[in-house]
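# Summary of structural features
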Amino acid sequence: MTPDNKKINYITPFGLEKLQAEYHHLRFKERPPLVETVRWAASNGDRSENGDYIYGKKRLREIDKRVRYLTKQIETAKVIDPELQKSLTQVFFGATVTYQDKDNNQTTVKIVGVDEADLNERKISFTSPMAKALMKASVGDKVQLKLPSGVAIFCVLKIVY
């Protein structure tokens, strides 16, 4: 926690750019025309059966909620540039790690901020159990991950920043 009790949002430079782009799109591209549509629909009288008004107000609430979230995440962002890591032999935030399971299956993941995590892109949050297990490991180290079915052991094969 920071002195003013805000959680720090660790993020890569690319992740921060994505949050800022989404914020800008919602706040300045999507929201203004929607406000005009709602204003026009409200002027048409009975709002109870006015689809443009009902949908528009609902979408405005969704946008405003997301904008508030993005604002908070951007304000508390602490950018960690993986390219500036000093200890390139250990796994830290921003590392791309290749590891192997007991069946010799290899997996490569990148450790990123919470808002950047995307399993389809093999990006995992630094708060995830797998990332926590990998943290501070070096090539050749075996790490343990507690699973409901028992303990899984992985061997770190490669670390890239």
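Structure's up top.
Attention in this report is confined to the structure presented alongside it. Sequence order as written defines residue numbering, which begins from 1 separately in each chain. The model is predicted, so local features are restricted to residues of pLDDT at least 70 and side-chain atom pairs to those at 80 or more, both for listing and for counting; the totals for chains, interfaces and linings are taken over all residues. Side-chain measures here rest on the full set of heavy atoms in the structure, leaving out hydrogens and waters.

Before going further, it helps to spend a moment on helix α2 (residues 51-75). Strands here mean DSSP runs of E at least two residues long; helices mean DSSP runs of H or I at least four residues long; both are numbered from the N terminus. Expected span of a helix, by definition, is 1.5 Å for each gap between consecutive residues, and there is one gap fewer than residues. The first and last C-alpha atoms of α2 sit 36 Å apart over 25 residues, in line with the 36 Å expected at 1.5 Å per residue. Contact criterion: two residues are considered in contact whenever any of their non-hydrogen atoms come within 4.5 Å of each other. Those residues of α2 that are buried lie in contact with β1 (9-11), α1 (13-42) and β2 (77-79). The N-cap of α2, judged by a side-chain oxygen 3.2 Å from the amide nitrogen of Asp52 a few residues on, is Asn50. For the purposes of these results, a polar contact is taken to be a pair of N or O atoms within 3.5 Å, where, inside protein, one atom must be able to donate a hydrogen and its partner to accept one; residues adjacent in sequence count only when each atom of the pair is a side-chain atom.

The next thing to look at is the environment of Lys78. With respect to the secondary-structure elements, Lys78 resides in strand β2. We call a residue buried when its accessible area falls under 20% of the maximum for its residue type, exposed when it is over 50%, and partly exposed in between, using a 1.4 Å probe and counting protein chains only. A residue is classified by how much of its surface remains accessible, and Lys78, at 39% relative accessible area, is partly exposed. For the pair Lys78 and Lys102, spaced 24 residues apart in sequence, the C-alpha to C-alpha distance is 36 Å.

Another point: the nonpolar core. Side-chain atoms within 4.5 Å are what join buried Ala, Val, Leu, Ile, Met, Phe, Trp, Tyr and Cys residues into a set we call a nonpolar core. In terms of nonpolar packing, the biggest core is built from 18 residues, with Val91, Val97, Ile111, Met130, Leu134, Phe154 and Val156 touching the most fellow members. Only β3 (96-100), β4 (106-112), α3 (129-134), β6 (142-147) and β7 (150-160) provide two or more residues apiece to this core. Leave out the neighbours within four places in its chain, and Phe154 touches Tyr99, Gln100, Asp101, Met130, Asp141, Lys142, Val143 and Leu145.

Bringing the packing of aromatic side chains into the picture now. Two rings from Phe, Tyr or Trp (for Trp, the six-membered ring) form a pair when their centres sit within 6.5 Å of each other. Planes less than 30 degrees apart are called stacked, planes more than 60 degrees apart edge-to-face, and all others tilted. Under the counting rule described, the total for this entry stands at 4 aromatic pairs. Ring centres of Tyr10 and Phe126 lie 5.6 Å apart, and the angle between their planes is 90°; this geometry places the pair in the edge-to-face category. Of the two residues, Tyr10 sits in strand β1 while Phe126 sits in the loop between β5 (123-125) and α3, which places them 116 residues apart along the sequence. Phe126 gets classed as partly exposed once you look at its relative accessible area, which sits at 21%. Among the aromatic residues, ring-to-ring pairing joins Tyr10, Phe93 and Phe126 into one connected group.

Our focus in this paragraph is the side chain of Thr98. Along the chain, Thr98 turns up in strand β3. For Thr98, a relative accessible area of 12% translates into the label buried. At 2.9 Å, the side chain of Thr98 forms a polar contact with the side chain of Thr108. In contact with Thr98, not counting residues within four places along its chain, are Gln106, Thr107, Thr108, Cys155, Val156, Leu157 and Lys158.

On to the pairing of β4, then. If a strand is regular, its side chains alternate between the two faces of the sheet. Between any two strands, at least two bridges found by DSSP are needed for them to pair. Pairing geometry for β3 and β4, over 5 bridges, is antiparallel. Paired with Thr98 across the bridge in β4 is Thr108. Hairpin remark: β3 followed by β4, antiparallel, with 5 residues in the connecting loop; positive phi at Asn104, about 65°. In terms of strand pairing, β4 meets β5 through 3 bridges, oriented parallel. In the sheet register, Val112 faces β5, and the bridge partner there is Ser125.

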